Amino acid sequence: MPQNQTVPSEKFQQIKALLLEMEMKIIQEDTNEELFVVDDEENGIKNLIIDLEPPLVVLEQLIMPIKGERGELYKRLLQMNETLVHGAFAIDAKERFVFFRDTLQIENLDSNELQGSIRALSLAMAEHSSELLKYAHQS
């Protein structure tokens, strides 16, 4: 094993097994940082980061850059959050990007819970992508 690479933790292996069971395409994995990047483009998932940050698993997907008038966008994001089953739309600290973000407890994580969170992202994109695209194309 290369000197700078660590042995994957049990929880990392568990998450990987769940992702494979769900037939998620793992496009990148980093055992040192304990994260995965996955795709399921048919369901609107592109470069979803799944990051183990004990005691949590953090799911985060970049949705769009923030352009134009922010006040109305921020209001709509909060209104959209009300309809989400899991997770929420969020903005980064520098207000440059909109993300979808969800956190789950690692300790009792199972396939249904992880799949539910990922499906919530798919559903959010199906319901809100056309409106978000309008905001993304503002100048």
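Right above here is the structure, for reference.
Report follows, based on the coordinates. Only a predicted model underlies this, so the values are computations on that prediction, with no experimental measurement involved.

Observations concerning the sheet that holds strand S5 (residues 88-91)
- Judged by pairing direction, the sheet is antiparallel, and its 6 strands sit side by side in the order S1-S2-S3-S4-S6-S5 without closing on themselves. Edge positions in the sheet fall to strand S1 (25-30) and S5, since each of these pairs with one other strand and no more. Neighbour-to-neighbour, the strand axes of the sheet open up by a mean angle of 30°, direction not taken into account.
- Looking at chain direction, strand S2 (residues 35-40) and strand S3 (residues 45-53) are connected through 5 bridges and run antiparallel. When the bridges of S3 are listed, Asp40 appears paired with Ile45.
- Contacting S3, strand S4 (56-65), S5 and strand S6 (97-105), helix H3 (residues 111-136) runs over the sheet at an angle of about 15° to S4.

Notes on the packing of helix H2 (residues 70-81) against H3
- The geometry of H2 relative to H3 is characterised by a closest axis approach of 11 Å and an angle of 165° between their N-to-C directions. When the axes of H2 and H3 are compared, the pair comes out roughly antiparallel. Crossing of H2 against H3: the hand is left-handed. Within the contact between the two elements, H2 uses Glu72, Leu73, Arg76, Leu77 and Met80 and H3 uses His128, Glu131, Leu132 and Tyr135.
- Grouping the amino acids of the contact of H2 with H3 by side-chain chemistry returns 5 nonpolar, 1 polar and 3 charged.

Points about the pattern of salt bridges
- Under the criterion given, the structure shown has 7 salt bridges.
- Here Lys16 and Glu29 are joined by a salt bridge, their closest N and O atoms 3.0 Å apart. Of this pair, Lys16 sits in helix H1 (residues 10-21) while Glu29 sits in strand S1, and the two are 13 residues apart along the sequence.
- Judged by relative accessible area, which is 24%, Lys16 ranks as partly exposed.

Quick word on the packing of aromatic side chains
- Per the stated rule, a full pass over the model turns up 3 aromatic pairs.
- A centroid spacing of 4.3 Å and a plane angle of 15° characterise the contact between Phe12 and Phe36, whose relative ring orientation is stacked. Remark: Phe36 occurs in strand S2 and Phe12 occurs in helix H1; sequence separation between them is 24 residues. We note that Phe12, like Phe36, is buried.
- Ring plane angle 80° and centroid distance 6.3 Å describe the contact between Phe89 and Phe100, whose orientation is recorded as edge-to-face. Placement of the pair is Phe89 in strand S5 and Phe100 in strand S6, with a sequence separation of 11 residues.
- In this structure Phe100 comes out as buried when scored by relative accessible area, which is 1%.

Reading the values: the criteria
- Residues numbered from 1 in each chain as written.
- Predicted model: local features only at pLDDT ≥ 70, side-chain atom pairs only at ≥ 80, totals over all residues.
- Heavy atoms only, no water.
- Pairing = 2+ DSSP bridges.
- Helix = DSSP H or I, 4+ residues; strand = E, 2+ residues; numbered from the N terminus.
- Axes fitted to C-alpha atoms, helices over the stretch in contact; angles between N-to-C directions.
- Contact = heavy atoms within 4.5 Å.
- Parallel < 35°, antiparallel > 145°, perpendicular 65-115°, else oblique.
- Left-handed = near helix turned anticlockwise from the far one by under 90°.
- Nonpolar A, V, L, I, M, F, W, Y, C, P; charged D, E, K, R; others polar.
- Salt bridge = Lys/Arg side-chain N within 4 Å of Asp/Glu carboxyl O.
- Buried < 20%, exposed > 50% of the residue type's maximum accessible area, 1.4 Å probe, protein only.
- Phe/Tyr/Trp six-rings, centres within 6.5 Å; stacked < 30°, edge-to-face > 60°.

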